[in-house]
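Single-letter residue listing:
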Amino acid sequence: MERLEMKRHPWSDYLVCLAPITLLVYTSLESYCIDYRAFYLAGKAALNNLNPYINHIASSGLYYGPVNAELALYSGWKYPPLATFLFVPLAQLPYETSKNLFNLISLLTGLSSACIAIRISRRTISPVAILMAGFSFPILATMDRGQVEIILVAIATGSCYLISRGSARIGAALIGILAAFKIYPLLLCASFTQLARGKALRATTTLSVTLAIIGLMTIAWTPAPWRESFLTRISIAWDQVPGQVLPALPKNTGIIEGTNTVRSVDARNLLHSHEFVFGFGNPLLTKNAPLAALIGVGGIALTLRSHRHQPIFQQSLAVMPWINVANPLAWIMGVTWYIPLFLHSFHRVNPRLRFLLILPLILPPSLNGSAYLGAAISLVIGRCVDTPACDDTEAMS
């Protein structure tokens, strides 16, 4: 394969990468952030000693969860019980302040991660790639919905980098901590099989201990009804949540007919969703979790085999897009898991192939194919990237 010259960009070249901030902030301010609303109400329920998995709209209009709950028996919160406490501090703020603060944290996390990646790569990461990622549909959708994907992907990428640098225990512990919020990042453990035996053993042991501690903390700190409701909630399809806790929504609450605008008692009238967020990550397997897991794990195995001659960090990043295939409930926000591989690979492939790498980020979400395309690219990109003699993740300057 033709060797590519790795250009080192001056820091001034990266100033253009700040351009998406205006659009992302505008999107956040204009959006109700319906996914974050579920996080916020879970924290509010915990503050008031209520079960966060139950819809409490009958007790107060302040518990209205548009789209994800409405009048259903269960709330929109479907993450592990321990994660509920992360949102207790934010739930003490007025809703609009809280959701914009959370999105600001996500934005700053993304910016900080980009700066760290630029430095670690010795400024070889393409500013064009960062700019495309910032304007991509997955990032826009994450800000629109108020999702946690940017933060999770940043932590997961950091853990993979630490493992590649020899800090297997710290990296594995971070992956275990992520499992307290979402279970699917545990698939990153598949890259442990590519480590030397001693490192693999240390990583596996640390992960097991971390998960055990999280399990014990969950049992000790969360009420049994929460745990029971969580297990019930995750077994229900997203569009089949049963029950109706009230005959109708409280006055001045609900989605204004014929619009995408939410009316609630604790916020201005805001959009519940922009059109660009309506896209599934795994539409073919939405109602078949076992098959999704089987195909996802199989795809990871094939991807690791395809990348067996690549550095361990590249292998770990190539695993990430398969999280969307293994997760039957993935949405367009999940394509954020493709972005680390995209940024790491864009400047390493032949320029004629770069448009293909961009496609998962710019395809209209309504096509429902972005996540599948990202996974397919991760499967073959190991044969297309140019790996310098000294890989740019191996040193910092």
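For the structure, see preceding data.
Note that this is a predicted model, so its numbers are computed, not measured.

K.L.:
Before we move on, could you go through the environment of threonine 286 and cite the residues and values that matter?
P.N.:
Inspection of the secondary structure puts threonine 286 in the loop between β3 (267–271) and α10 (289–306). Spatially, the C-alpha atoms of threonine 286 and proline 328 are 4.5 Å apart, while their sequence positions differ by 42 residues. Reaching out from threonine 286, the side chain makes a polar contact with the backbone oxygen of asparagine 282 at a distance of 3.2 Å. In this structure the side chain of threonine 286 is engaged in a polar contact, spanning 3.3 Å, whose partner is the backbone oxygen of proline 283.

K.L.:
Describe the packing of helix α7 (residues 168–178) against helix α8 (residues 197–221), and please don't skip the residues or the numbers.
P.N.:
With their axes 8 Å apart at the nearest point, α7 and α8 run at an angle of 35° to one another. The chirality of how α7 crosses α8 is right-handed. Where α7 approaches α8, its residues Ala168, Arg169, Ala172, Ala173, Ile175, Gly176 and Ile177 are matched on the opposing element by Lys199, Arg202, Ala203, Thr206, Leu207, Thr210, Leu211 and Ile214. Tallied by class, the residues present in the contact of α7 with α8 amount to nine nonpolar, three polar and three charged.

K.L.:
Break down helix α5 (residues 137–145) for me, citing the residues and quoting the values.
P.N.:
Burial analysis of α5 places eight of its nine residues in the buried class, which makes it a mostly covered element. Of the positions making up α5, those classed as buried are Pro138, Ile139, Leu140, Ala141, Thr142, Met143, Asp144 and Arg145. Directly after α5, the chain includes glycine 146, whose backbone phi takes a positive value near 70°.

K.L.:
Mind laying out a nonpolar patch on the surface, listing which residues take part and the relevant values?
P.N.:
Side chains of Leu101, Leu104, Ile105 and Leu108 sit close together on the surface and give an oily, nonpolar patch of about 310 Å² of accessible area. Tracing the backbone shows leucine 108 in helix α3 (residues 95–120). Judged by its relative accessible area of 45%, leucine 108 falls in the partly exposed class.

K.L.:
Quick one: what's the story with helix α14 (residues 354–362), residue by residue and with numbers?
P.N.:
Buried within α14 are the following residues: Leu357, Ile358, Leu359, Pro360 and Leu361. In this structure, the buried residues of α14 make contact with α4 (127–134), α5, α13 (339–345) and α15 (370–380).

K.L.:
A description of the packing of helix α6 (residues 149–164) against α7 should follow, citing residues and the corresponding values.
P.N.:
In contact at an axis separation of 7 Å, α6 and α7 are set at 155° when each is read in the N-to-C sense. The angle between α6 and α7 falls in the class roughly antiparallel. As for how α6 packs across α7, the hand of that crossing is left-handed. Note on element contacts: α7 touches α6 through Ala168, Ile170, Gly171, Ala172, Leu174, Ile175 and Leu178, opposite Leu152, Ile155, Ala156, Ser159, Leu162 and Ile163. In terms of residue class, the contact of α6 with α7 is built from eleven nonpolar, two polar and no charged.

K.L.:
Residue-level account of the environment of serine 370, with values.
P.N.:
As for its position among the elements, serine 370 is in helix α15. Ignoring anything within four residues of it in the chain, the contact list for serine 370 reads Ile332, Val335, Pro360 and Leu363.

K.L.:
Could you give an account of the layout of surface pockets, naming the residues involved and the relevant values?
P.N.:
Counted as a void, the second largest pocket has a volume near 1000 Å³. Taken together, 43 residues line the second largest pocket, and the ones lying closest to its centre are Gly110, Ser113, Ala114, Ala117 and Leu343. Among the secondary structure elements, those contributing two or more residues to the lining of the second largest pocket are α1 (20–30), α3, α4, α6, α11 (312–319) and α13. Counting residues per element, the lining of the second largest pocket draws most heavily on α3, which supplies twelve residues. Taken together, the residues of the lining of the second largest pocket sort by class into 30 nonpolar, twelve polar and one charged.

Scoring rules and cut-offs
Residues numbered from 1 in each chain as written. Predicted model: local features only at pLDDT ≥ 70, side-chain atom pairs only at ≥ 80, totals over all residues. Heavy atoms only, no water. Helix = DSSP H or I, 4+ residues; strand = E, 2+ residues; numbered from the N terminus. Polar contact = N/O pair within 3.5 Å; in protein donor to acceptor, adjacent residues only side chain to side chain. Axes fitted to C-alpha atoms, helices over the stretch in contact; angles between N-to-C directions. Left-handed = near helix turned anticlockwise from the far one by under 90°. Contact = heavy atoms within 4.5 Å. Nonpolar A, V, L, I, M, F, W, Y, C, P; charged D, E, K, R; others polar. Buried < 20%, exposed > 50% of the residue type's maximum accessible area, 1.4 Å probe, protein only. Patch = residues over 30% accessible without salt bridge, like charges linked within 9 Å, V, L, I, M, F, W, Y side chains within 5 Å. Areas by Shrake-Rupley, 256 points an atom, 1.4 Å probe, with all protein chains shown as cover. Salt bridge = Lys/Arg side-chain N within 4 Å of Asp/Glu carboxyl O. Parallel < 35°, antiparallel > 145°, perpendicular 65-115°, else oblique. 1 Å grid on protein atoms, 1.4 Å probe; cavity = no way out; pocket = protein on both sides within 12 Å on 5 of 7 lines; lining within 4 Å. Points joined across faces, edges and corners; volume = space filled by probe spheres on them.

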